[in-house]
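# Structural overview for review
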Amino acid sequence: MQDIAIAGAGLSGAVIARELAKAGYRVTVFESRNHVAGNCHTQRDSETGVMVHVYGPHIFHTDDREVWDYVNSFERFLPYQNRVKTTSQGRVYSLPINLLTINQFFGKTLRPDEAKDFIASRADTSITEPVTFEDQALRFVGPELYEAFFKGYTQKQWGCSPTELPASILKRLPVRFNYDDNYFFHAYQGMPEKGYTAMIERIFDHENISIKLSTPFERSWKQHYAHVFYSGPLDAYFGHEFGRLGYRTLDFERFTYEGDYQGCAVMNYGDLDVPYTRITEHKHFSPWEKHEGSVCYREFSRACGADDIPYYPIRLVKEKEQLAAYEEHARRETGVTFVGRLGTYRYLDMDVTIREALDQARAFLATNQRKSA
Ligand SMILES: Cc1cc2nc3c(=O)[nH]c(=O)nc-3n(C[C@H](O)[C@H](O)[C@H](O)COP(=O)(O)OP(=O)(O)OC[C@H]3O[C@@H](n4cnc5c(N)ncnc54)[C@H](O)[C@@H]3O)c2cc1C
């Protein structure tokens, strides 16, 4: 039996560990934190009993049937549709911007075709080649919707003016000309009944897998293993040799409330004079549970320091150059596969994370079974 090490007990590490364990490998998983599930970690709030998404709200959505069947084989998913609201300039609106948002915002009763013409008339057609996020938003929706729904939120989320961000961030017209306020278009959407951590614990539950919590994997340990799958930060693996890859981190300010604080799971705040980007009221993620008390997180975004948790990769010009240097090192590092959101420095939704992990495990097994045949 060959020994495999996996750094990181998030979704990437769990799926790869399971596939390799099933194929007969002995797998040791190292995790820096004192719990599994990485950033998808859920736990019950000790005061209210509500299931909390500890590192920010996570909604499972996918078009990938195999991935949907995979998660459902470990945990029952209950129906959940993400419907986000935003508070802007003293009023509440529906997101993503849809016909209700447009009609409420402009005080109109437009039908879809009328709304299309109306938004086109607001758009700044003098911008023929948008370079920045701001250009792109103005060209798509015009100044009013841009100011209310994009400008402040984007500035708070990324810590810079939308005039410093590339137009490519806003690829398509971010407006729906109907009353569909379901945030995601995917065929399958839901929430794990007992939380993501319960699901991931079940993925890990195999006799060939052992987990070492509170144990950060070190590069020098790779010599003890036939292969390493590393889902920690790419730059940390190489001792930050080319500097730190830029991330945004999040701070959560917890507060409790008796009853229903905001009536929905996620309320965004677009105005710049509100320092947080959104408030998450966690009990609305489990509508099948009943709780009198409520726990909410105010979410603040800021630059990620050396001791902070990396959340969103920034990937502007500076990071792209550093990333190329790290990727070159990663290609040359034998016996290690860099996986997941931190190992590849990309934002990955959970379904994409699982798809990539399944593919990486299968590619490894195919190559190694060929070698041993
Ligand atoms: C705020 C936020 C909201 C999100 N919302 C959604 C959503 O609604 N829907 C969706 O599909 N996706 C969402 N995601 C994406 C989701 O979190 C990722 O898809 C998922 O976490 C990726 O899993 P991973 O295993 O690659 O990484 P992670 O979950 O980050 O796991 C990596 C693990 O490696 C550990 N580690 C790091 N270095 C080491 C080391 N040297 N040794 C050992 N362990 C180490 C870390 O502690 C961590 O536990 C969201 C992400 C964020 C940041």
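The chain is annotated in an unreviewed UniProt entry as UDP-galactopyranose mutase from Rhizobium helianthi. Per UniProt, the chain carries the Sequence similarities (unreviewed entry) text "Belongs to the UDP-galactopyranose/dTDP-fucopyranose mutase family." UniProt, in its Cofactor (unreviewed entry) section for the chain, records the words "FAD".

Here helix H1 (residues 11–22) crosses helix H6 (residues 196–204) at 30 degrees, and the two axes come no closer than 8 Å. The angle between H1 and H6 falls in the class roughly parallel. At the point where H1 passes H6, the crossing takes the left-handed sense. Counted together, Leu11, Ala14, Val15, Ala17 and Arg18 of H1 and Ile200, Ile203 and Phe204 of H6 form the full contact between these two elements. In terms of residue class, the contact of H1 with H6 is made up of seven nonpolar, no polar and one charged.

For the rest of this paragraph, the subject is the site of the ligand. Around the ligand, 34 residues are found, and the nearest of them are Gly8, Gly10, Gly38, Gly232 and Gly340. Of all the secondary structure elements, the ones that give two or more residues to the shell around the ligand are H1, helix H9 (340–343) and helix H10 (350–372). Of the residues in the shell around the ligand, the class split is 16 nonpolar, 13 polar and five charged.

Here the focus is the environment of Ala330. Of note, Ala330 is situated in helix H8 (residues 317–332). Placed 92 residues apart in sequence, Ala330 and Phe238 show a C-alpha to C-alpha distance of 8.7 Å. With residues up to four places along the chain from it excluded, the contact list for Ala330 reads Leu234 and Phe338.

Glancing now at the domain arrangement of the chain. Along its sequence, the chain is carved into domain 1 (3–81 + 189–244 + 314–372), domain 2 (91–169) and domain 3 (247–303). One C-alpha centre belongs to domain 1, the other to domain 2; they are set 36 Å apart.

Across the sheet, which stays open at both edges, the seven strands sit in the order E8-E7-E13-E14-E15-E12-E16 with mixed pairing between neighbours. The sheet terminates laterally at strand E8 (91–94) and strand E16 (312–313), the two strands that pair on one side only. The sheet contact formed by strand E14 (residues 278–281) and strand E15 (residues 293–303) spans four bridges and is antiparallel. Residue pairing across strands places Glu281 opposite Cys296, the latter belonging to E15.

Spatially, E5-E9-E6 is the arrangement adopted by the three strands of the open sheet, whose pairing is antiparallel. At either end of the open sheet lies a strand with only one pairing partner, and these are strand E5 (60–62) and strand E6 (77–79). Averaged over all neighbouring strand pairs, the angle between strand axes comes to 40 degrees, with direction disregarded. Across three bridges, the pairing between E6 and strand E9 (residues 188–192) is antiparallel. Of the residues in E9, the one forming a bridge with Phe77 is Pro192.

Before going further, it helps to examine the UniProt feature "domain: UDP-galactopyranose mutase C-terminal" (unreviewed entry) in the chain. UniProt's entry tags residues 148–347 with the feature "domain: UDP-galactopyranose mutase C-terminal" (unreviewed entry), counted in the numbering of this structure. End C-alpha atoms of residues 148–347 are separated by 26 Å, and the span's content is 22% helix alongside 24% strand.

Turning next to the nonpolar core. Nonpolar side chains in soluble globular proteins tend to be buried together. Counting 61 residues, the largest nonpolar core has Ile6, Ile16, Ala17, Val27 and Ile200 as its most contacted members. Broken down by element, this core gets its largest block of residues, seven residues, from H1. When residues of this core are sorted by domain, at least three fall in each of domain 1 (3–81 + 189–244 + 314–372) and domain 3 (247–303). Aside from chain neighbours lying at most four places away, what touches Val27 is Ile4, Ile6, Ala17, Leu20, Ala21, Asn208 and Ile209. Residues Phe133, Phe140, Val141 and Leu145 belong to the second largest nonpolar core, which totals 20 residues.

Here Tyr257 lies in strand E12 (residues 247–258). By C-beta crowding, Tyr257 is classed as partly exposed, having 14 other C-beta atoms within 10 Å. Separated by 209 residues in sequence, Tyr257 and Thr48 have C-alpha atoms that sit 9.3 Å apart.

Among the structural elements, Gln136 can be located in helix H5 (residues 133–158). Take Gln136: there are 24 C-beta atoms within 10 Å of it, and that puts it in the buried class. Put simply, Gln136 and Phe74 are 62 residues apart on the chain and 42 Å apart in space, counted from C-alpha to C-alpha. For Gln136, the residues in contact, after removing those within four places along its chain, are Pro130, Ala167 and Leu170.

Thresholds, definitions, all that
- Residue positions within a chain follow its written sequence, with the count starting from 1.
- Restriction of local features to residues with pLDDT of at least 70 applies here, the model being predicted, together with a cutoff of 80 or more for giving and counting side-chain atom pairs; totals for whole chains, interfaces and linings are based on all residues.
- UniProt positions are given in the numbering used here, feature names are shortened, and annotations may be inferred rather than shown by experiment.
- Axes, fitted as lines to C-alpha atoms, cover a helix only where it is in contact. Angles between the N-to-C directions of the axes lie from 0 to 180 degrees.
- Strands here mean DSSP runs of E at least two residues long; helices mean DSSP runs of H or I at least four residues long; both are numbered from the N terminus.
- By the definition adopted for this analysis, an angle is roughly parallel if under 35 degrees, roughly antiparallel if over 145, roughly perpendicular if from 65 to 115, and oblique otherwise.
- The sense of a crossing depends on the near helix, which, turned anticlockwise from the far helix by less than a right angle, makes the crossing left-handed and, turned clockwise, makes it right-handed.
- By definition, residues are in contact whenever their C-beta atoms, placed on the basis of the backbone, come within 7 Å of each other.
- Residue polarity follows a fixed list, in which Ala, Val, Leu, Ile, Met, Phe, Trp, Tyr, Cys and Pro are nonpolar, Asp, Glu, Lys and Arg are charged, and the others, Gly among them, are polar.
- We call a residue near a molecule or strand when the C-beta position, derived from backbone atoms, sits within 6 Å of it.
- The start and end points of each domain follow an automatic or database-based domain assignment.
- DSSP calls a pair of strands paired once it identifies at least 2 bridges connecting them.
- Only buried residues count toward a nonpolar core: Ala, Val, Leu, Ile, Met, Phe, Trp, Tyr and Cys, linked into one set through C-beta atoms within 7 Å.
- Backbone-placed C-beta atoms define the burial measure: a residue is buried with 20 or more other C-beta atoms within 10 Å of its own, exposed with 12 or fewer, and partly exposed in between.

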